[in-house]
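Chain by chain, the residues run as shown.
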Amino acid sequence: MKSASRFIGAIEIGSAKATVLIGENAGTALNLIGFGECQSRGVIKGSVVDYKAASEAVHAAIEQAERSANERIDLVFLAQTGAHLEGFYNEAFVNVKAADNMVGAQDIETVCRLATDKQLPPGRMVVRHLRRPFRLDGRNVPGSPENLVGQRLEAGYWTVHGQESKLADSLHVIRGFNLEVRELILSSLASGHMVTTAEERQNGVLALDLGAGTTDFVLYRDGLPFLTGVLPVGGAHLTSDLALGLRLTEGQAEKMKLRHGRALVQSRSKSDKVWLDGNYTIGDRQFPQMTIEQITAARTWETFEVVRKKLGTAFTPDTCSGGVVLTGGGAKLPGIAEAAARVFGIPAHLGETPTWVHDNLRDPSYSTVLGLLYHGMAAHAESVAPQRRGFGFFRKLFATT
Amino acid sequence: MNELPDFQPASRSWRDIAQQVRPRAMSREGRRRYVVAGLKTAAAISVLTVLVGGGVWLARTWTSDRGWFSNVSGQSPVKRLVLQTNGRLNEQWVRNTLALPARATLMELDLAALRARLEQPSQVEKATVSKILPDAVKIELWERAPVVRLRAPDGNIFLVARDGISFAGLGFSPEALEAIPLLTGFELDAAGALPKRVPGMDTVADLLARAADMAPHLLERWTVVDISQLEFDGLVEVQSTDIPRIIFSKEYGFSDQLAWLDWTRDKASGPLKMVNVGLGPRVIAEPAAVEPASKSGARSAGAATVPAPRAAAVSTAARPPIFRINFDN
């Protein structure tokens, strides 16, 4: 099944939209052949709260993608986000067993097992173990420590775990279309991998994915994900704040946010006014530009502050010379990079999608689903590589006979 | 932590969640896919079951009835020859020609070689050889149909087919050979042997076939067909038991010529020596010579007893024994 899977679906069930990409596994290459998108329903802050509504939206997006690809998805990589996701760091060490102090495979396996083997509270399930670089006698080992000489081998894992019921809900929405979820990938890792370069990850970079319902972040150090997190705050909260502050409906507030919202206050005069609709119809009225900017900037600023607080001591400007990379639909807010740079004290810029991505998918809001497919394919290729070799042997055998 | 401790059970991963949902929790498309997947699985199981069952059956048959394998694989000796032919060759001839070894099995047969053997005599135009499991060989022969017979310089009698190929006439009885008209007037090759292909046989075949259709009572009297004038004059001369010379021409339709011949023969009051129907509607007939005592009367009687079908016969005064009938009018 694994090696026969040619058409792989990447699905992001977001608070604002459900997005599906279909990739064709063409050996060493990945071809994007299908795309589907549907306005999301029944999903709040990345969690399914209405199974039927969420299923309808997601399944509509899958059908749309399959129609555009003219193929059927074999298996699915699903993006996982939500406020229920939490992480902790756990580390372990072993003394190298060999008499010559050469690290063996068993030492590595043991230390990894110890570092990941930590009991979780009831109802919590591991989503991902993110390994940090090994340390051998206190020095960092970027790759595998096997065959290196030392006495004390240390390993540490950032373990992301989530609430079982919410994870199950996401899986069941996909399974309701009779599709199997092969990989559950953190949204932050997916988008972070897509908008950062290997060099940035090596130097240390913070990737922020500003979605509609959540803000996902991942901090890379030494080329590996060091820490991830999810804030239950997103672009929808800016809309909500505007609706409350200006006494607007959600739709009107969303329109004001997109037209006049900014992550930094730029307007200097309260007399600068903007029209709600600008067509002089009944109900059309004016609002101070400065007020809109103050509301959106305050929430954006606050969001970044919370992220910085969550990162804690893991984040320092010195260890994050790659800066801050912003992506997601919220990254389209004008001035957001400057705001991020001020909060984090390091340079910030908007993430750029690789040039091989089609123009229609270069919008920052698609970076998660693109990264999902890219990240998932890499993981999938690693997992099926040995089996592929076996299959090839049998194929050759049958071809000969 | 230096020693390997007793590990606590590993934390549960999202992979431990059962992804399966009840069909009622699926969307319509999901349910459709679910059913299709179930049917595919059932089909795969069925195929597997058939394969396994077939394997078991084969294994049992191998142990209990090994002869069955030799039967289906053509390992048993050839017992029957199934012959289909459109000619005279019989099974005995086929057996002698093939000369199969006594215990030859189907698998040992070289069908191409057998076919070549069967096609060696020119009487066989085409042959096919096929195997019929478990122990039979089917042979189909397409033989050449004889048109005339001829006598070779060495005195042997051969038959000639429409394509001009001559053959020995295997399987023909002497009576059957006698019934076939003898061909004369053909040319031998430079070595004085029979030519590989006798020319003009298609014309002769057309004439004889037309005669067999329209006038079998005439054909049965024909004994010799001469083609010496065929190449240059387009004439075929036939010798009949009642008329020594009947001349046909390929310029005119044989159906008309046969009709003229038959009419002339019917109208003639006495035996005819020669009838030439190869001149078109004008038929020239020459009565046979009569007894000396009544020679003059016979001449006049011969001329008088063959009237033209529509117009009066035009007789030539200078040559009273020959009369002409003009069918133009």
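Scroll up for the structure.
Since this is a predicted model, take the numbers as computed values, not measurements. (Residues numbered from 1 in each chain as written. Chains lettered and ligands numbered in written order. Predicted model: local features only at pLDDT ≥ 70, side-chain atom pairs only at ≥ 80, totals over all residues. Heavy atoms only, no water.)

This part covers the interface of chain B and chain A. If you look at the interface, chain B gives 28 residues, while chain A gives 36 residues. Buried area between chain B and chain A, summed over both chains or domains, comes out near 3,000 Å², and the portion from carbon and sulfur atoms is 52%. The shortest N-O distance in the salt bridge between R33(B) and E66(A) comes to 2.1 Å. Counting the contacts that link chain B with chain A gives 13 residue pairs in polar contact (both at pLDDT 80 or more). (Contact = heavy atoms within 4.5 Å. Buried area = accessible area lost by both parts, 1.4 Å probe. Salt bridge = Lys/Arg side-chain N within 4 Å of Asp/Glu carboxyl O. Polar contact = N/O pair within 3.5 Å; in protein donor to acceptor, adjacent residues only side chain to side chain.)

All names here are of chain A. As summarised here, the arrangement of the five strands in space is β15-β14-β13-β18-β19, forming an open sheet in which the pairing is mixed. Edge positions in the sheet fall to β15 (224–231) and β19 (348–350), since each of these pairs with one other strand and no more. Each adjacent strand pair in this sheet contributes to an overall mean axis angle of 20 degrees, direction not counted. Two elements, strand β13 (residues 205–210) and strand β14 (residues 215–221), share six bridges in a ladder whose sense is antiparallel. If you follow A207 over to β14, its bridge partner there is V218. (Pairing = 2+ DSSP bridges. Helix = DSSP H or I, 4+ residues; strand = E, 2+ residues; numbered from the N terminus. Axes fitted to C-alpha atoms, helices over the stretch in contact; angles between N-to-C directions.)

Positive phi values are uncommon outside glycine, yet N147(A) reaches one of about 75 degrees. In this structure, A99(B) takes a positive phi of about 50 degrees despite not being glycine.

What follows is about the pairing of strand β5 (residues 157–161) of chain B. All names here are of chain B. Here strand β4 (residues 146–151) pairs with β5 via five bridges, running antiparallel. Bridging from a neighbouring strand, V148 pairs with V160 of β5. If you look at the hairpin formed by β4 and β5, you'll find five residues sitting between the two strands, and G155 has a positive phi there, around 95 degrees. Two elements, β5 and strand β6 (residues 166–167), share two bridges in a ladder whose sense is antiparallel. Along β6, the bridge assignment pairs L159 with F167. Hairpin connection, β5 to β6: the antiparallel pair is bridged by four residues, and G164 has positive phi, about 90 degrees.

Residues and elements named next belong to chain A. Read from one edge to the other, the open sheet built from five strands follows the order β3-β2-β1-β6-β12, with strand pairing classed as mixed. The open sheet has two edge strands, β3 (29–39) and β12 (180–186), and neither has a second partner. Strand-to-strand twist across the sheet, computed as the mean angle between neighbouring axes with direction ignored, equals 20 degrees. Of the pairings in the sheet, the one linking strand β1 (residues 7–13) to strand β6 (residues 75–80) comprises four bridges and is parallel in character.

All names here are of chain B. Tracing the backbone through its elements, the reader meets Q257 in helix α9 (residues 254–267). Polar side-chain contacts of Q257 include one of 2.7 Å to the backbone oxygen of Y252. Non-local contacts of Q257, meaning those with residues more than four positions away in its chain, are made with I247, F248, S249, Y252, V277 and G278.

Core analysis: the biggest nonpolar cluster contains 74 residues, and F304(A), L326(A) and F344(A) have the highest contact counts within it. With near-sequence residues (within four places) excluded, L326(A) lies in contact with L208(A), L210(A), F304(A), A331(A), I336(A), A337(A), A340(A), H349(A), L350(A) and G351(A). Counting residues in each nonpolar core, the second largest holds 36 residues, with V147(B), A152(B), I243(B) and A285(B) among its members. (Core = buried A, V, L, I, M, F, W, Y, C linked by side-chain atoms within 4.5 Å. Buried < 20%, exposed > 50% of the residue type's maximum accessible area, 1.4 Å probe, protein only.)

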